[in-house]
Amino acid sequence: MNSIFPRFYIADIHGCAEELRRLLAFVETFCVHNDVAPQVTFLGDLVDRGPRSMQAVECVKRTLQTWHGSSLLRGNHDDLFLWNIQHRAPDDEDGRKWLYLNGGLDTLLSYDTDTHRSVVFPLIESRHADHIALLRSAKSCSIDGPFIACHAGVKPGVPMAKQSHFDLTWIREEFLDNVDGDAVPVIHGHSIVGERPVVTENRISIDTGCYVTGLLTACYIDDRNQSLRFFQASKHGVEEVEPELLDRDFGTIYNRLPDLFSIAQAA
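Here the structure is a predicted model, which is why all the values come from computation and not from measurement. (Residues numbered from 1 in each chain as written. Predicted model: local features only at pLDDT ≥ 70, side-chain atom pairs only at ≥ 80, totals over all residues. Heavy atoms only, no water.)

Remarks on the overall build of the protein
- Counting secondary structure elements, the protein contains eleven helices and twelve strands.
- In terms of overall size, the protein behaves like a compact globule, its C-alpha atoms giving a radius of gyration of 18 Å where 267 residues would be expected to give roughly 18 Å.
- Expressed along its principal axes, the backbone C-alpha trace of the protein runs to roughly 55 × 40 × 30 Å.
- Taken across its 267 residues, the protein has 56% of its residues classed as buried.
- Of all intrachain contacts in the protein linking residues separated by at least 6 positions in sequence, the fraction that spans at least 24 positions is 65%.
- Surface accessibility of the protein: about 11,900 Å² in total, with carbon and sulfur atoms responsible for 49%.
- If you average the places of the 25 positive and of the 38 negative side-chain charges in the protein, the two averages end up 5 Å apart. (Helix = DSSP H or I, 4+ residues; strand = E, 2+ residues; numbered from the N terminus. Rg over C-alpha atoms; globule rule 2.2 N^0.38 Å. Buried < 20%, exposed > 50% of the residue type's maximum accessible area, 1.4 Å probe, protein only. Contact = heavy atoms within 4.5 Å. Areas by Shrake-Rupley, 256 points an atom, 1.4 Å probe, with all protein chains shown as cover. Lys, Arg positive; Asp, Glu negative; His and termini not counted. Charge placed at Lys NZ, Arg CZ, Asp CG, Glu CD.)

Thoughts on the side chain of His77
- In this fold, His77 is placed in helix α3 (residues 76-87).
- Its relative accessible area of 5% is what places His77 among the buried residues.

Examining helix α5 (residues 104-111)
- The complete set of buried residues in α5 reads Gly104, Thr107, Leu108, Ser110 and Tyr111. Along the long axis of α5, the arc covered by the buried residues comes to 155°, so they all point the same way.
- Where the residues of α5 are buried, they touch α2 (53-66), α3, α4 (93-100), α6 (117-127) and α7 (129-137). (Arc of directions from axis to C-beta.)

Here's the deal with the packing of α3 against α7
- Where α3 meets α7, the axes come as close as 10 Å, and the angle between the chain directions of the two elements is 125°. Of the possible angle classes, the one that applies to α3 and α7 is oblique. Here α3 and α7 pass one another in a crossing that is left-handed. Of the residues in α7, those touching α3 at Asp78, Phe81, Leu82 and Ile85 are Ile132, Leu135 and Arg136.
- Here the contact of α3 with α7 is composed, by residue class, of five nonpolar, no polar and two charged. (Axes fitted to C-alpha atoms, helices over the stretch in contact; angles between N-to-C directions. Parallel < 35°, antiparallel > 145°, perpendicular 65-115°, else oblique. Left-handed = near helix turned anticlockwise from the far one by under 90°. Nonpolar A, V, L, I, M, F, W, Y, C, P; charged D, E, K, R; others polar.)

Looking at the environment of Gly157
- When you line up the elements, Gly157 lands in the loop between β5 (147-150) and α8 (165-170).
- C-alpha of Gly157 to C-alpha of Asn84: the two residues are 73 residues apart in sequence and 33 Å apart in space.

A few points about the sheet that holds strand β3 (residues 71-72)
- Pairing is mixed in the open sheet, where six strands are placed in the order β3-β2-β1-β9-β10-β11. If you trace the sheet from one side to the other, it starts and ends with β3 and β11 (237-240), each paired once.
- Both strand β9 (residues 216-222) and strand β10 (residues 227-234) contribute to a ladder of seven bridges, which runs antiparallel. Bridge pairing links Tyr220 to Arg229 in β10. (Pairing = 2+ DSSP bridges.)

Quick word on the nonpolar core
- Counting residues in each nonpolar core, the largest one holds 46 residues, and the members touching the most others are Phe8, Ile10, Ile13, Leu20 and Phe42.
- With seven residues, the single largest contributor to this core is helix α1 (residues 17-33).
- Setting aside chain neighbours within four positions, we find Phe42 in contact with Ile10, Ile13, Leu20, Leu24, Val60, Thr63, Leu64, Ser71, Leu72 and Leu73.
- Membership of the second largest hydrophobic core comes to 21 residues, among which are Phe5, Ala11, Val199 and Ile206. (Core = buried A, V, L, I, M, F, W, Y, C linked by side-chain atoms within 4.5 Å.)

A short note on the layout of surface pockets
- The computed volume of the largest pocket comes to approximately 210 Å³.
- Along the wall of the largest pocket there are 16 residues; nearest its centre are Val154, Pro156, Gly157, Ala183 and Val184.
- Per-class residue counts for the lining of the largest pocket are ten nonpolar, four polar and two charged. (1 Å grid on protein atoms, 1.4 Å probe; cavity = no way out; pocket = protein on both sides within 12 Å on 5 of 7 lines; lining within 4 Å. Points joined across faces, edges and corners; volume = space filled by probe spheres on them.)

A look at unusual backbone geometry
- Here the bond from Phe5 into Pro6 is cis, since omega is -5°, no more than 30 degrees from zero.
- Looking at where Pro6 falls in the secondary structure, it is placed in the segment before β1 (7-10).
- Here Asp48, not a glycine, exhibits a phi torsion of approximately 75°, which is positive.
- The topology assignment puts Asp48 in the loop between β2 (40-42) and α2.
- Assessed through its relative accessible area of 0%, Asp48 is described here as buried.

Next comes the structure, spelled out in structure tokens:
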């Protein structure tokens, strides 16, 4: 347990590099003040939609190099980026959908002002091979003590060993609508929940849609104090925020924290 927590989780950066830098600077100061090593798990979707995907990937890369024990999990937009780099964003429905509907054009502009595919994709592959390698090496999920961390969620009723990469990076309603007071809690992003994170009995949802709202949220889990806290970066700075508690007749994860940590520590 001590090697896992305390830990911050950040989801769905989507090219919002300035908010990310602001949030990471806060994390560093917070950890120094509390005498803990900074550890962050990024829950994917570093790219697309926002204005500075290249800068966001670079910032995550440097954070992983500096803060040992930190990790990156892959999101569906990271997969889209990698697929389109491999296939050079073909001029078909999938390629156009990524470019013009899913924020791919914003990603290409962050890497180079010339978005002609014959130019920008070789440029990314030659000048930023480390970014491609970083995203390709990212795992789909991690088991962190009494929690599961992933980009989108898990398929209900399926053991973790049999969860598919597609579900872990794309699932929505089947996971979000699942009510289960005994399920292993999942920390995730992918589905925008509004301007505040949401906590139910079985999930911690932290995608606050930064590219739309300007709010990038971090979840902080501390096993020593059995605490669950949230911090949010905006253009005004970073502040602690209260989550929306969604009690679906089983309380919320806050009610489960003592049991979750005691079970994990006994394992």
